[in-house]
Every structure is written in structure tokens, then in C-alpha cells.
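Each chain is listed here by its residues.
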Amino acid sequence: MMIHWVRSFMWATYVILPLISLPIPLLASTDPGANSGQKLETEKDLLTPDLLDGQPEPEDRLVILPEIKREGERFFLSSFKLPDKITFAGVQVPLDNWQVRERIEYEFYQFLEDQGESIILAKRTGRCFPPAERQLAENGLPDDLKYMLLVESKCISAAYSKAKASGPWQFIPSTGRRYRLKSDAVRDERRNLEMSTEAAVKYLKYLKDFQDNDWFLAMASYNAGEERIRKLLKEQKITDYWKMHGPRETMRYVPRIIAAKEIYSQPEKYLGLTKKDLYMPLETETITVHVKESQRALASVAEEFGTYLLEIKMLNPEFKKDMLPRGSYQIRVPRQTCPNRCFKQDPTP
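On a predicted model such as this, the values are computed, not experimentally measured, just so you know.

Cut-offs used in this document
Residues numbered from 1 in each chain as written. Predicted model: local features only at pLDDT ≥ 70, side-chain atom pairs only at ≥ 80, totals over all residues. Heavy atoms only, no water. Patch = residues over 30% accessible without salt bridge, like charges linked within 9 Å, V, L, I, M, F, W, Y side chains within 5 Å. Areas by Shrake-Rupley, 256 points an atom, 1.4 Å probe, with all protein chains shown as cover. Salt bridge = Lys/Arg side-chain N within 4 Å of Asp/Glu carboxyl O. Helix = DSSP H or I, 4+ residues; strand = E, 2+ residues; numbered from the N terminus. Buried < 20%, exposed > 50% of the residue type's maximum accessible area, 1.4 Å probe, protein only. Contact = heavy atoms within 4.5 Å. Polar contact = N/O pair within 3.5 Å; in protein donor to acceptor, adjacent residues only side chain to side chain. Disulfide = S-S within 2.5 Å. Core = buried A, V, L, I, M, F, W, Y, C linked by side-chain atoms within 4.5 Å. Axes fitted to C-alpha atoms, helices over the stretch in contact; angles between N-to-C directions. Parallel < 35°, antiparallel > 145°, perpendicular 65-115°, else oblique. Left-handed = near helix turned anticlockwise from the far one by under 90°. 1 Å grid on protein atoms, 1.4 Å probe; cavity = no way out; pocket = protein on both sides within 12 Å on 5 of 7 lines; lining within 4 Å. Points joined across faces, edges and corners; volume = space filled by probe spheres on them. Nonpolar A, V, L, I, M, F, W, Y, C, P; charged D, E, K, R; others polar. Lys, Arg positive; Asp, Glu negative; His and termini not counted.

1. Remarks on a nonpolar patch on the surface
1) Next: A contiguous nonpolar patch, built from Tyr308, Leu310 and Met314 and spanning about 370 Å² of accessible area, is present on the exposed surface.
2) Next: Its place among the elements puts Tyr308 in the loop between α12 (298-304) and α13 (309-315).
3) Next: Taking relative accessible area as the criterion, Tyr308 reaches 46% and is therefore assigned partly exposed.

Following this line, the structure appears as C-alpha cells:
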């Protein structure tokens, strides 16, 4: 039995198959120097002189099978390049500094390496960015800060960390209380996108002032705490985030946000997605539920308003339990006047 030689050239692929001596023609092969449109060579053209003379095949003879053409173009991560210039919050990122560029490139390729994850993240921006964009604009903060949501929680409102940080902006309990985000056995307001964004806006404003209007240091402080960053800067006698040596997570934090902006502000370039591919928010309305009995099941509320428990929980991630104790509650439900659950999609430009 002869072993076929595996050979690859550019996009051509050869396969290994056992050659069995049967009275049928061998597969033909194209002439490597000829045009792809030419006919295949005959069996006689392909066989060696020894075979034509009727001599037995040596065990080690190599036979080249025809190439298999791959459809479409093959892409490599290296085909994507970090641009020479990037701005964030109106400030030029110092990509001419070798270690700054390398740190951002690392995060850039980390995002792109897991294409499936990146596609889902991009799709989620259609749902979680609009409320953040509105609140940032209303408070005069840079729109770029919304990309923190991707790094903090992957735009998952119910996200919860080992450090007990909760919600899309990942507030720890003490910071949540500082900005009046209540958390008890029934609700965790840190999980409410609008309420937590309002708190994040206030905290980021404070951090910007604390760090002398430096957004890079403000974001690092959001991650590690303002006092810890202040201490590191003082010990190292620096005032520049990009020169700071600190915790690994904080060293990666700002580069990751910048890389997120580059990729997710241009999903069509990096992920082949258009605006119509993004998840669009469900049109909702807020209703008030008064629970007069000792408790009421959320499933009962859902049924009353033409929805179901899972949808209620997804629209109101701040509710930690499936039962509501006595009291009054603001609950988001699908808008009742819209057909087919009102999946609204903005017209493409």
C-alpha cells in the first residue's frame, strides 16, 4: 500500500489517502504551472515510468492528489491592525510609546480572538448602550465612557463578581450605598441599568475632579479605588497612568476599554456586523404594582400584564426573588399597545 504525500501551497490542500490497486483510473491532478481552467491530466501523464512499464509499485512511492480549492478568502487575526492614532474621551492615546501600544494591542487581539464572544458583545451594545449614551450626554460626560460597560460586565445587568460587585457598572456594596443604590433581600438596584448608570455618572464626575481632569486616571480609580491610585502615583513620583506600575487588573483595565472602543465602535469593520444585526431594546412601559397581601408571585404579575416570569426577570434584573412582599413596586413590562412584543429597530441610514 502506498502513502499519499500531504502537500499544501497557498490555499491548496492535499489529503492523505491509502492507494489501493484497483482497476480504476487514478485521480488526476492539475499542472501546478497551468491555469486553473485547464483540463486535468490523464492517468498516463500522472503515472511514473516504472508504473507504465508494468513494474510493481515501491512501498514508498509518493503520488500527489489533486488540490482542493477553498471557497472564499481566509482571514488571520494579523490582518487586523491597531490604527496609528486613537483618541479616547477627546484625548490622544500615546500609541507612540512602545509599552502602551503593546498593552492595547494585547487587549485588541484578545477581543478578536474569541470571535463568537465578540459578536455577542457587539450585538448587546444595541440594547445596553442607548440608556448610557443618553445619561452621559445629559451630564456632559464623554460618550466613550459607555465602553466601560463591556469591560465591567459584558453588558449583563445581573453580573455579579467574587468581590460582591453587582450590576452593569459593577458597584461594590459600599460604593453602591454611597450613591444611593439600595440592596436588600428583594431588590438590588445596582442591577438596574438606568439607576446604576446614574450612579456611575456621579462617581465618574467625582473621579475626574479627584484626578485633575485625567480620564485615564479616573477610569483606573474606578477599577482600583481613588485612594489606591493616589498612593501609587505618589510612591512612584508620577502623574501619568501610562507610566504607573500597579495591580495587573488595573494595568489592563484602561487598555481594554480603549481596545473595546476601537472594535465595538466599528463592528462592521472588525466583525462584519451592521446596525440591523444588533439586539434592539424591547419597547416597555413601567407599571406600579401594589402588593396588599403578605406576598405575591412575580409570575402572577407577569400573567396579569400579558407576559411571563422569565421576561419579567430579564426586564427587571434588580428583583432577586420570584416573590414580592407587601409593598409598592415599579415594574417594567412589554408595552401593551404594540403587536408582537414591539421589537423596535431604528431604520438604517
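Having seen the model, we can carry on.
2. Quick word on the pattern of salt bridges
1) Next: Counted by the stated rule, this structure contains 17 salt bridges.
2) Next: With its nearest N and O atoms 2.9 Å apart, the salt bridge here joins Asp143 to Lys146.
3) Next: Residue classification places Lys146 among the buried positions, given a relative accessible area of 7%.
4) Next: Several salt bridges converge on common partners, so that one network encompasses Asp84, Arg101 and Glu105.

3. Describing the environment of Lys81
1) Next: With respect to the helices and strands, Lys81 occurs in the loop between α2 (49-52) and β5 (87-88).
2) Next: With a relative accessible area of 56%, Lys81 lands in the exposed category.
3) Next: Taking the C-alpha atoms as reference, Lys81 lies 9.1 Å from Phe108; in sequence the two are 27 residues apart.
4) Next: Leave out the neighbours within four places in its chain, and Lys81 touches Phe108, Tyr109 and Tyr270.
5) Next: Of note is the side chain of Lys81, whose polar atom sits 3.1 Å from the backbone oxygen of Ser78.

4. Remarks on the state of the cysteines
1) Next: The final tally for this structure, using the stated rule, is one disulfide.
2) Next: A sulfur-sulfur distance of 2.0 Å marks the disulfide that ties Cys128 to Cys155. Taken together, the positions of Cys128 in helix α4 (residues 115-138) and Cys155 in the loop between α5 (148-153) and α6 (173-178) put the pair 27 residues apart, joining distant regions of the chain. We note that Cys128, like Cys155, is buried.

5. What to know about the environment of Arg134
1) Next: Topologically, Arg134 is positioned in helix α4.
2) Next: Since its relative accessible area comes to 43%, Arg134 is described here as partly exposed.
3) Next: Linking Arg134 and Glu194, residues 60 residues apart in sequence, is a C-alpha distance of 9.9 Å.

6. Here's the deal with the nonpolar core
For soluble globular proteins, nonpolar side chains are generally found buried alongside one another.
1) Next: Residues Val93, Tyr222 and Tyr264 are the most contacted members of the largest nonpolar core, which totals 62 residues.
2) Next: Every element with two or more residues in this core is listed here: α3 (98-113), α4, α5, α7 (193-210), α8 (215-224), α9 (226-236) and α10 (248-264).
3) Next: Apart from the residues lying within four places of it in its own chain, the contact partners of Tyr264 are Phe111, Ser118, Leu121, Ala122, Tyr147, Leu150 and Leu271.

7. Things to note about the packing of α7 against α8
Packed helix pairs are characterised by how far apart their axes lie and by the angle those axes make with each other.
1) Next: It is the contact of α7 with α8, at a shortest axis distance of 8 Å, that shows an interaxial angle of 125°. On the basis of their axis angle, the class for α7 and α8 is oblique. Crossing handedness for the pair α7 and α8: right-handed. Taken together, the residues of α8 that come into contact with α7 (itself represented by Ala200, Tyr203, Leu204, Leu207 and Lys208) are Trp215, Ala218, Ser221 and Tyr222.

8. Some thoughts on the layout of surface pockets
1) Next: The volume enclosed by the largest pocket comes to roughly 950 Å³.
2) Next: Around the largest pocket, the lining is made up of 31 residues, and of these Arg127, Ser157, Leu282, Met314 and Leu315 lie nearest the centre.
3) Next: For the lining of the largest pocket, the elements supplying multiple residues, two or more each, are α4, α7, β7 (284-297) and α13.
4) Next: Broken down by element, the residue count for the lining of the largest pocket peaks at seven residues, all from α4.
5) Next: In terms of residue class, the lining of the largest pocket is made up of 18 nonpolar, four polar and nine charged.
6) Next: In this structure, the second largest pocket encloses a volume near 710 Å³.
7) Next: The wall of the second largest pocket is formed by 25 residues, among which Glu152, Tyr222, Asn223, Ala224 and Glu249 lie closest to the centre.
8) Next: The set of elements that each furnish at least two residues to the lining of the second largest pocket consists of α5, α6, α8, α9 and α10.
9) Next: Examining the composition of the lining of the second largest pocket, we find that six residues originate from one element, α10, more than from any other.
10) Next: In terms of residue class, the lining of the second largest pocket is made up of 10 nonpolar, seven polar and eight charged.

9. Re the side chain of Glu152
1) Next: If you trace the backbone, Glu152 turns up in helix α5.
2) Next: Here Glu152 sits buried without a salt bridge, and the closest side chain of opposite charge, Arg256, lies 10 Å off (N-O distance).
3) Next: Here Tyr253 takes part through its side chain, which lies 2.4 Å from a polar atom of the side chain of Glu152.
4) Next: Not counting the four nearest positions on each side in its chain, Glu152 is found in contact with Pro168, Trp169, Gln170, Tyr222 and Tyr253.

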